[in-house]
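Analysis of the macromolecular model
Below are the chains, spelled out letter by letter.
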Amino acid sequence: MRVTKEKLKDLIVTKLHRAGLTEDHSEGVADVLVHADARGVHSHGAMRVEYYAERIAKGGINCKPEFKFEKTGPCSAVFDGDNGAGHVAAKLAMDEAIKMAKENGIAIVGVRRIGHSGALSYFVQQAANEDLIGISVCQSDPMVVPFGGADPYYGTNPIAFAAPGKDGEHITFDMATTVQAWGKILHARSKNEPIPDTWAVDGNGEPTTDPFKVNALLPIAGPKGYGLMMMVDVLSGILLGLPFGNKVSSMYHDLTEHRNLGQLHIVINPEYFAGLGPFKEGIEQTMQDLNNIKPASGYKQVFYPGQRSAIREKAYEKDGIEIVDDIYEYLTSEVVHKNAYDNKSPFAK
Amino acid sequence: MRVTKEQLKSLIKNKLHRAGLKEDHAEIAADVLVFADERGIHSHGAMRVEYYAERIAKGGINTNPDFNFKKTGPCTAVFHGDGGNGHAAAKMAMDEAINMAKENGVAIVGVRDISHSGAISYFTHQAAKENVLGFSVCQSDPMVVPFGGAEPYYGTNPIAFTAPSNDERMLTLDMATTVQAWGKILHARSKNELIPNTWAVDKNGEPTTNPFEVNALLPIAGPKGYGLAMMVDVLSGILLGLPFGNKVSSMYENLSEYRHLGQLHIVINPAFFTGLTEFKKNISNTMEDLNQIKSAPGFSKVLFPGENNDLVLAEYKEKGIDIVDEIYEYLISDTIHNNQYDHKNPFAK
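Residues numbered from 1 in each chain as written. Chains lettered and ligands numbered in written order. Predicted model: local features only at pLDDT ≥ 70, side-chain atom pairs only at ≥ 80, totals over all residues. Heavy atoms only, no water.

A tally of helices and strands in chain B yields 10 helices and 11 strands. Dimensions of chain B along its principal axes, counting C-alpha atoms only, are 55 × 50 × 45 Å. Among the 349 residues that make up chain B, the fraction classed as buried is 60%. Partitioning the intrachain contacts of chain B with sequence separation of at least 6 by distance along the chain shows that 69% fall at a separation of at least 24. Carbon and sulfur atoms form 47% of the exposed surface of chain B, whose accessible area is close to 13,000 Å². Where the 33 positive side-chain charges of chain B centre and where its 41 negative ones centre are 1 Å apart. (Helix = DSSP H or I, 4+ residues; strand = E, 2+ residues; numbered from the N terminus. Buried < 20%, exposed > 50% of the residue type's maximum accessible area, 1.4 Å probe, protein only. Contact = heavy atoms within 4.5 Å. Areas by Shrake-Rupley, 256 points an atom, 1.4 Å probe, with all protein chains shown as cover. Lys, Arg positive; Asp, Glu negative; His and termini not counted. Charge placed at Lys NZ, Arg CZ, Asp CG, Glu CD.)

Right, here's the structure in full:
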């Protein structure tokens, strides 16, 4: 099903508002979800709406949060989300971080006590749109084994980064610290297909090709991904006095409870370093350089990080965003939720 | 050959001083190299001395640099290295960053125009010893293909992060963004052994198991390591107005020229967020939690990030640091260098 950006946003706003969110929080959330779908990152788009709606309806997201923003120094602050919609809190926090970085060169803003906030690329692009470098990291449900472990400890703990180029063309990078997303395992289950032995482990911590035996995901590059997710948990959890490691709440465990998740934004103003002009030229040059690198066998072209999403975004603008039919039907229906997401282990569907 | 920390430091300092470095710069460089050796990170220890000595002797490191630290805001600064010794510049820049973060909550300090600075966890440890979080990234010689590319563009571009706990132990991440180090390829060549097909590619960008066909290294986890390497190059190269991407100088190309490398330190003061006591307590909890995770087959225990190095540190404290005999012989000899590192392509030995 192909839809325009505007239509998709409308449908999402309506559904979330009907579930219980205020209209402008619904808009805030919809904006972040559509950003993802519009770039082809469907895992963080409209497919999340039904789960959010169920959580909102059951009280697991605060529909009337008291947001509090407290500066702690010239370049640091904490935004307390009062367990409201993560997307809205993280966006407002990034707005503040941008202001501080424009004024004082850099800003590090912790976002405490929020629900799931969507694809982090949204927030770092906010910064890039204002000629600043944006970095964002956040916690997520414990699903990943530490290197050499058989039980999960950390979440997929993503890292996102964006740098402004010339003419609004940014370099954007957004990655989970796991080899593969949980969604891909579910997909393999639904098709009864084996998975590569690099994605996940069984109950003994052994890599498995059987999607039904999966007990936890694997970090990228062994100890490296493990170290990266540790860093994310320290920066967006421990640094903000929030539950950390395997004490982070699980998405589907109890939809009546608040998530208490953490996120951290870092914004850097190039004017306080090399200067904005030279910086943007360097980014533009990087993009050209990378596009000119001889491609490897089986590849037509080398893309700079984020370029393929930008290409997809332009294609969708022309042809409409592709949305799975079931999701479209749910969105256009009157149903708020079907009680499908509660009291489940993190690894159920 | 087993040596004590003090002996090793003394030998290295003397050699570098004889090669031409000022005594205090030689002292710092020795400190950084021994930090690596005493943790078993031999790739960044004494084995680097002869190359440094050759470079110093040929004028490729400024032995009388005009180091200049310039604040650009309450939390930002640039340390100008003037082509001087990287270890010394990066250490002094970190000292300044720590002061700024103690005073103002966070600090981002760019280190411009330096030579190779060693294992960057040295600098992040500096921060953690002062009860602040340390993060550092730096450029390196272009040796790594972008995802889907057949030619190198980025360097191994490492990332380091350290957080203090309730005792003297720290959580540390120090990783290159490549799957494997170039040194391991050289080792395979010397033994005429095959390498796994996940380490490197040939001239066509195809993964190869033949170490003699290697033309470039592979980033970790495909597009993820590529994005991380890009982020490092932007933060420590473009942000500081330095040569970036494949314009970064090569280590062995011309030892009479300055490297013009860049590095970036980010320091975060937990006192401006959740509070130091709470923070350190939870880092210690993280360490305990991770040690308690059930281990996978083949692993007797799950270690927290950086703990493996602590174990080596403890063993070496007892038995002496294990140094390759040839390196020891070079260190105790009168030879400054054997003219073996100049005018080589990055992939030679």
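Before going further, it helps to spend a moment on the packing of aromatic side chains. Under the definition given, this model contains 20 aromatic pairs over all chains. Geometrically, the ring pair formed by Tyr51(B) and Tyr52(B) is tilted, given 5.7 Å between the ring centres and 45 degrees between the ring planes. For the pair formed by Tyr51(B) and Tyr52(B), the shared burial category is buried. Every member of this aromatic cluster is reached through a ring pair, and the members are Tyr51(A), Tyr52(A), Tyr252(A) and Tyr341(A). Over the aromatic face of Phe244(A) sits the side chain of Lys247(A), whose NZ or CZ is 4.7 Å from the ring centroid. Cation over ring: Lys15(B) sits above Tyr330(B), and NZ or CZ is 4.5 Å from the ring centre. (Phe/Tyr/Trp six-rings, centres within 6.5 Å; stacked < 30°, edge-to-face > 60°. Lys NZ or Arg CZ within 6 Å of the ring centre and 35° of its normal.)

Next up on the list: the confidence of the model for chain B. Note: predicted coordinates in regions of low pLDDT should not be interpreted at a detailed level. Taken residue by residue, chain B gives an average pLDDT of 95. The fraction at 70 or more is 99%. In the model output, the complex is listed with pTM 0.94 alongside ipTM 0.93. (pLDDT = per-residue confidence, 0-100.)

Contact with chain A, which involves 76 residues of that partner, is made by 77 residues of chain B. Across the chain A/chain B interface, buried area totals approximately 6,100 Å², and carbon plus sulfur atoms make up 75% of it. The largest contributions to the chain A side of the interface with chain B come from Lys224(A), Leu239(A) and Phe273(A), which together make up 11% of the buried area. In this structure, the connection of chain A to chain B is made through 2 salt bridges. Here Lys247(B) ties to Asp289(A) by a salt bridge, and the two come within 2.5 Å at their closest N and O atoms. Counting the contacts that link chain A with chain B gives 24 residue pairs in polar contact (both at pLDDT 80 or more). A class-by-class count of the residues in the side of chain A that touches chain B yields 50 nonpolar, 20 polar and 6 charged. (Buried area = accessible area lost by both parts, 1.4 Å probe. Salt bridge = Lys/Arg side-chain N within 4 Å of Asp/Glu carboxyl O. Polar contact = N/O pair within 3.5 Å; in protein donor to acceptor, adjacent residues only side chain to side chain. Nonpolar A, V, L, I, M, F, W, Y, C, P; charged D, E, K, R; others polar.)

Turning to unusual backbone geometry, a few remarks are in order. Glycine aside, the phi torsion of most residues is negative, and most peptide linkages are trans. Residues and elements named next belong to chain B. Even without being a glycine, Asp82 presents a positive backbone phi close to 50 degrees. Relative to the helices and strands, Asp82 is located in strand β3 (residues 76-84). What makes Asp82 partly exposed here is its relative accessible area of 30%. The backbone phi angle of Asn192 is positive, close to 55 degrees, even though this residue is not glycine. When you line up the elements, Asn192 lands in the loop between α6 (182-191) and β8 (200-201). Residue classification places Asn192 among the exposed residues on the basis of a relative accessible area of 64%.

Quick look at the nonpolar core now. Counting 93 residues, the largest nonpolar core has Phe161(A), Val234(A) and Phe161(B) as the members making the most contacts within it. In contact with Phe161(A), not counting residues within four places along its chain, are Val124(A), Ile133(A), Gly134(A), Ile135(A), Ile171(A), Thr172(A), Phe173(A), Met230(B), Met231(B), Val234(B) and Leu235(B). With 35 residues, the next largest nonpolar core counts Leu11(A), Ile56(A), Tyr316(A) and Val336(A) among its residues. (Core = buried A, V, L, I, M, F, W, Y, C linked by side-chain atoms within 4.5 Å.)

All names here are of chain B. What the rule picks out here adds up to 34 salt bridges over all chains. One salt bridge connects Glu38 with Lys5, and the closest N-O pair in it is separated by 3.4 Å. Note that Glu38 is positioned in the loop between α2 (23-37) and α3 (49-57) and Lys5 in helix α1 (residues 5-19), a separation of 33 residues in sequence. By relative accessible area, which is 10% here, Glu38 ends up buried.

Let us look at the sheet that holds strand β10 (residues 261-268) of chain A. All names here are of chain A. The strand order across the open sheet formed by 7 strands is β2-β3-β4-β10-β5-β6-β7, and the pairing between neighbours is mixed. Whereas interior strands pair on both sides, the edge strands pair on one side only; in this sheet they are β2 (68-73) and β7 (171-175). Taken over all neighbouring pairs, the strand axes of this sheet differ in orientation by 10 degrees on average, direction set aside. Of the pairings in the sheet, the one linking strand β5 (residues 133-138) to strand β6 (residues 159-163) comprises 4 bridges and is antiparallel in character. Within β6, the position partnered with Gly134 by the bridge is Ala162. In this fold helix α5 (residues 121-129) packs onto β5, β6, β7 and β10, with an angle of close to 20 degrees to the strand it touches most, β6. (Pairing = 2+ DSSP bridges. Axes fitted to C-alpha atoms, helices over the stretch in contact; angles between N-to-C directions.)

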